Amino acid sequence: MYLDYAVPFLICFPFLIAVLLLISGKSRIGNAFARIGAVVILITSAAFFVAKLMNGFSVSDRLFTHTEIADHVILGGEILLMAVVVYLCVKYKKYWISLLSIVPTAAIVYLEQTAAAEEIEHIFLDRLAMLMVLLVGIVGSLIIIYAVGYMEGYHNHHKEVQDRRNYFLALLFMFMGAMFGFVTCASLIWLVFFWECTSVCSFLLIGYTRSDEAVNNSFRALWMNLLGGAALVCGIIYFYHTVCPTLSFRTFINIIPQMTPSIGVLALIPVFLMAFAALTKSAQLPFSTWLIGAMVAPTPSSTLLHSATMVKAGIYILIRLAPLMNGNITGTVVGFVGGLTFLAASFMAVAQSDAKKVLAMSTISNLGLMVACAGIGTPETVWACVFLMLFHAVSKSLLFQLVGAVENSLHSRDVEDFHGLLYMLPKHAMFMFIGIAGMFLAPFGMLISKWSALKGMTDADNVLTVIFIVFGSAVTSFYWSKWMGKLIAHPHKTKQVKDVTEFGEMFSFWIHALIMLLLCVAFPFVSGSYVGPMIASDDLMRYVDPALTTGTMFVLVGLLLLVFLIPLILYLTEKNNASTKKPAYMGGINTGDDNGFVDSFGEEKILWVSNYYFEDKLSIEKLMKPCQALAFAALLIIGCIMGAIALSVIGGVM
Amino acid sequence: MYKITRSPWVMHYDGSSCNGCDIEVLACLTPVYDAERFGIINTGDPMQADILLITGSINTQNAPVVKQIYSQMSDPKVVVAVGVCACTGGVFKDCYNILGGADQVIPVDVYVPGCAARPQAIIDGIVKGIGVFQERLEKLENGTLKQEEKEDTEEKKEED
Amino acid sequence: MDEMTIKMIIAICYVVFAPLIGGLLDGIGRQISARMQRRVGPPLLQPFYDLGKLLHKDPIHVSPSQNFLMLTYLFFVILTGGMIFLGMDLLLAMFLLSTAVMFLYFAAVVTGSHYSAIGAGRELLQMVAYEPCVLLTCVAFYVVSGSFETADIISGNISPIAYMPGVFVAFVFILTIKMRKSPFDISTSHHPNQEIVKGITSEIGAKNLAVYTLAEWYETVFLMGMVAMFVINKNPWSILAAVLTAFVVYFLEILIDNSSARVKSELMIKLSWTVTLVAAGGNLLVLMFMFG
C-alpha cells in the first residue's frame, strides 16, 4: 500500500513547487522549477495510474484513517483561505463577499470541532478518482509546460501588465494540488477545504492583470463560487445533523438511498445543496457569467479553468451524486438546468467572434450536457457523461492553447482574423482543425458521447432534454463549422506572420492531438475495461449499460480511420490528375489571385465573406438575462419546495 | 466517341445593348419556346457552362470581363454571338467606347443575326453551336484542341 | 446464402443502382416540372446526358483541394446511404451525413469566391434548420421500434407512420431543404441568374459538378429510403406501399418547388424549427407516454 502514498505526494508536491516559485526571484530559475515540477507531476500521475491499473482497484481498502496532523493543516488552511479572501475583499471594498467566506468557514470549523470522533478514510481511490487524477495530472501539467513558454510571449506582447509570472505559475501549481486533493479525498471536511482552495486560486488567477475589468470579473467568480461553497457546507452540516452523523463522503453516497424510504425528501436536501454547489462550479445557468468573465486572464489560466480542472470539479461531484439524483426532483431540475445551459450557451456561442469567447461558451454548453447527463443519472447517461468529460478535456485544452499561441503570433484572437490561417500558420491551423473536428464531427469522441447522451435521455423518457440536445447540437455544429471554414478559407491578406511559438508549446499540441486520436481509436477498449467497471462499481451506479454496443464502437473506430484515410488517399491520387486552374468567378474581373475584383471605376477591391453571427438576436447581452431567469426560477422552485418540506417536517416534530 | 450533343448548358453575357436580345434569350426558356427540350439550361455560371451566349457589343470596359468569362469556361466551349450588336457592334458601332462585335476579344463560332434576334433563331444558333461543341470534344480527346489554342494565341500575338 | 453474402449483394446493388434510380427520379422530376409549367420538358434521360457531358469535359478547379474534397463528399454520402440500406445505425448514418456535408462546405470555402462562400454559409444555416428534425426522426424511430438500426425499424408489426404522423409531416417539411428545392434552395439557388450565382456550387464545374450531381442522386435515393422506412413493416406488401409513398412525397416536393419562391434564410430556420418543435416534438411527447 506504499503505492497510495502517491496521493499525498501529488497533493503536496505542487504546493511545494508553488512555494519554491514564490521565493525564487528570477524568472529563469522559476521557469526551470515550473518545467521540472510539471514533468514530475505528469510522470507521477501517469505512473500512479498505470500501477493502480495493474494492482487492481480494491474498493474495500480504507486509506489514511489516522490523519490528525493533516487535519490540523487543513483546518489552518481553511482559516488562511478565509483570511486571504477577507483581506482582498476589504482591500477592494467588496465587504459583503467576505461574509460568504467567513460564515461557511466558521460553520465548518465548528462542525469539525464538535463532531464525534470517528474513524473514517480520508482518501478514496476508486476508478473515477483515478481517472480524474490522470486527467488533471496529464492535461494540467501539459498546460503548465505550455504556460511557461506562453507567459514569455504574453509579457513581451502586453507591456502594461506587471510581470509576476512566478506568482502566476505558483497559482497554477496550487490549483493542481487542490484538484488532486479534491478528486481523491473521502472526507467531507477535506472536500470543503479543497473546494474553497480551487475557488480562491481561480479568483486570484482571473485577477492576475489587476485591470479594473479583471478585478471585477474575479470578484464575480469569487462570490459565485463561494456561494456554491456555502451551499456545500450547508449540505454537509444538514446531512450530519439530520441524516447520518458522519463526515465520510462514501457513507454520504451510500446511505442516502437507504434513508430515502424512511425520511423521504429530507434525505435529498443535502444532495440538492451539493448539486447546487456543483452547478456554480461548472458555470451552469444562472451562474455562467463568471466563466465568461474569466476570459480576461492570460490564456493558460483560462485553459486550466475551462478544460481540465475547475469546471470538471463540479462534474466530478455530480457524477458521484448521479445515483442519488436518478428519477427524483433534484435530478429533474439538475437535468433541466443542464439541458437549458447546453442550448442557451450554444446559441450564445454563435454570436461570438472572439475565439476565446467561443471556446468559453462552448465549454459552458458542453458542461451543460454533462450536467444534464449526470442529473438524469441512469447508467447510460453517466457513461456518456464520463466520455464527454474525457474528450472535452483533451479537445478543449488543445483548442485553448492553440488560440493563445495563435494570438501571440497573429496579435489577434478574432475568428475573422483566422481567415486563411492554414496559409499563415499551417501547423497551428492543422492542430486547430483536429481539435475542432474532435468537438463536433462524426465520428470523433465528443459527437459519439453526444449521441450516447441522446440515446440515454431517450431511454430515460426525458423529452425536454432530448429536444434541448437536438436543437443544441445543430447549433453547435454551426458555430464550429463556420470557424473551421475560416481556417481553410482562401487567404486575402498577404502579410507574413512570424511564428513565435516555443518548442514547449508545440510539444504540448502534439501530445494533446495524439491523446485525442488515441482516445478515439481506443474508445471501445477504454469503455469495456475501464469506464464500464467504474460505473458498475458499488459506489457509483452498481451496473453498467453502455449506450453503444461494442460492435457499434468498432464501426466508429473504422469510420474514424476512413475520415482520415479517404481524404488523404484522394488527395494523393487527385494531386497528379490533370485539372485546369481557373480564376474564381467574382462578378467583376478577378484580379488574378482570387482575392478581389476590379470595380467599375477600375480600382481593385479586396473582398471576402465574413461568417454569420446573428449578433442582433443571439448576443450574450440579449440572451443571458432571460436564460438566467429561467434557470434561477427552476432552482428557486425546487429550493422553495425543499425548504417547505423541511420546515413542515421540523414543525411536525415540534 | 461520346455524344455530348444533348446537354448544352448556356451562360448568357450582356454587353452594350438595348436589352432587346436579352429579353429574347429569356423568352427561349419560357414554355412557348421551351429550350429545355434540347437539354439547354441557362446556368449563369461560367464554370458550369458549355456555350457562351453574348448579346450586345463589346466596349472598352467589358472587354476584359468577356475575356475572363471565356477563360473561366471549361474546354470544350463554344461562343454564340446573338443579335447584330454582338456580331458587329450594330447601331453602337461608331460609339467612342465600342470595340465592335464579340469576335474582337474572343473567338466566335456562331453568329445569330437579328435586331432583336428571334427566339427561334437563338435556339437554332445554340443547336448549331452544339455541332462545334461535339467537334471540339473530339479534338480535346485527341489532344489537338490545346495545340490549336496555343497556335491561335501565337498568331494573335504576331498580329499584335 | 448466409447473411454476409446478402449484405454484400445489397451493398453492391445500392452502389450500382442508386445513381440510376436517383438520375431517373431527377429526370422524372424535371419532366413533371415542365408539365406543370405547360412545357414539353427535356427527355427522361436528360440527367444522364448531363452527367456524361460533365465527365467528358476538361476537369477544372479554382483551388486544387476542391477535387479531393468533392470526392470525399461523394464517398461519405455513399457510405451514409450504404449504412441505411444495410440495416445499420440510423443516427450514426445521419451524423455521418453531416460530416459529408462538411466536406462540401470545405470545398466551397477554399476557393476564395464570395459567391460560393455565401452559399457555404447558407448551407450551414440549412443544416441548422434541418438537423433537429432529422435527429428527432431518428429518436422517434428508436422509441417506436426500440432500436436505431434500420433493419429493426422496418421489421415492426405496424408501420411506424401509424405512431409518428407528426414526425412524418416534419420530416417531409425538412426534406424540401435537404433536397434543395424552392422555397428552401437558399444555398444553391438551382434556378439561374440569382444573387449568389450558383451558391455553394458556383466554383464547381466539369468533373467536380459531376461528382456533386452523383452525390445528390445518392442522397435523393436514401432520403426516399428514409421516407419509405416510415411505411415498411413485416408484411412484404408494405414495401409496395412504401414505394408509392416515396413517389407521392417526391411529387409533393416538386409541386412545392414549382409553386413557391425562395425565402430568406432566417424565415427558413423559423419555419422548420416551428414545424419540428410542434409536429415532431409533440409527437415524440405522445410517443414517450405511450412507450415509456
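If you're wondering where the values come from, they're calculated on a predicted model, not measured in any experiment.

### Considerations on the sheet that holds strand S3 (residues 596-598) of chain A
Residues and elements named next belong to chain A.
Piece 1. The strand order across the open sheet formed by three strands is S2-S3-S4, and the pairing between neighbours is antiparallel. The open sheet has two edge strands, strand S2 (589-590) and strand S4 (604-606), and neither has a second partner.
Piece 2. Alignment of S2 against S3, held across two bridges, turns out to be antiparallel. Bridging from a neighbouring strand, isoleucine 589 pairs with valine 598 of S3.

### With respect to the interface of chain A and chain C
Piece 1. Contacts between the two partners involve 46 residues from chain A and, on the opposite side, 50 residues from chain C.
Piece 2. Elements with a contribution of two residues or more to the side of chain A that touches chain C: helix H19 (445-459), helix H20 (463-488), helix H23 (550-576) and strand S1 (580-581) of chain A.
Piece 3. Pairing of S1(A) with strand S1 (residues 60-61) of chain C, which is carried by two bridges, proceeds in the parallel orientation. By the bridge assignment, A:Lys581 is partnered in S1(C) with C:His61.

### Digging into the sheet that holds strand S3 (residues 51-55) of chain B
Residues and elements named next belong to chain B.
Piece 1. If you trace the five strands from one edge of the open sheet to the other, you get S2-S1-S3-S5-S7, paired in parallel fashion. At either end of the open sheet lies a strand with only one pairing partner, and these are strand S2 (41-42) and strand S7 (110-112).
Piece 2. The strands touched by helix H2 (residues 63-72) within the sheet are strand S1 (9-14), S3 and strand S5 (78-82), with S3 carrying the most contacts at an inclination of about 165°.

### Focus on helix H6 (residues 165-184) of chain A
Piece 1. If you check H6(A), its first and last C-alpha atoms are 29 Å apart, about what 20 residues at 1.5 Å a residue would give, namely 28 Å.
Piece 2. Of all 20 residues in H6(A), 19 are buried, a share of seventy percent or more.

### Regarding the interface of chain C and chain B
Piece 1. In this assembly, 26 residues from chain C lie in contact with 20 residues from chain B.
Piece 2. Elements that contribute at least two residues to the side of chain C that touches chain B include exactly helix H2 (46-56) and helix H8 (206-229) of chain C.
Piece 3. It is H2(C) that contributes the most residues to the side of chain C that touches chain B, six residues altogether.
Piece 4. Of the residues belonging to the side of chain C that touches chain B, the class tally is ten nonpolar, eight polar and eight charged.

Parameters at a glance
Residues numbered from 1 in each chain as written. Chains lettered and ligands numbered in written order. Predicted model: local features only at pLDDT ≥ 70, side-chain atom pairs only at ≥ 80, totals over all residues. Pairing = 2+ DSSP bridges. Helix = DSSP H or I, 4+ residues; strand = E, 2+ residues; numbered from the N terminus. Contact = placed C-beta atoms within 7 Å. Axes fitted to C-alpha atoms, helices over the stretch in contact; angles between N-to-C directions. Expected span 1.5 Å × (residues − 1). Buried ≥ 20, exposed ≤ 12 C-beta atoms within 10 Å, placed from the backbone. Nonpolar A, V, L, I, M, F, W, Y, C, P; charged D, E, K, R; others polar.

Purely spatial values, then, with no claim about function.
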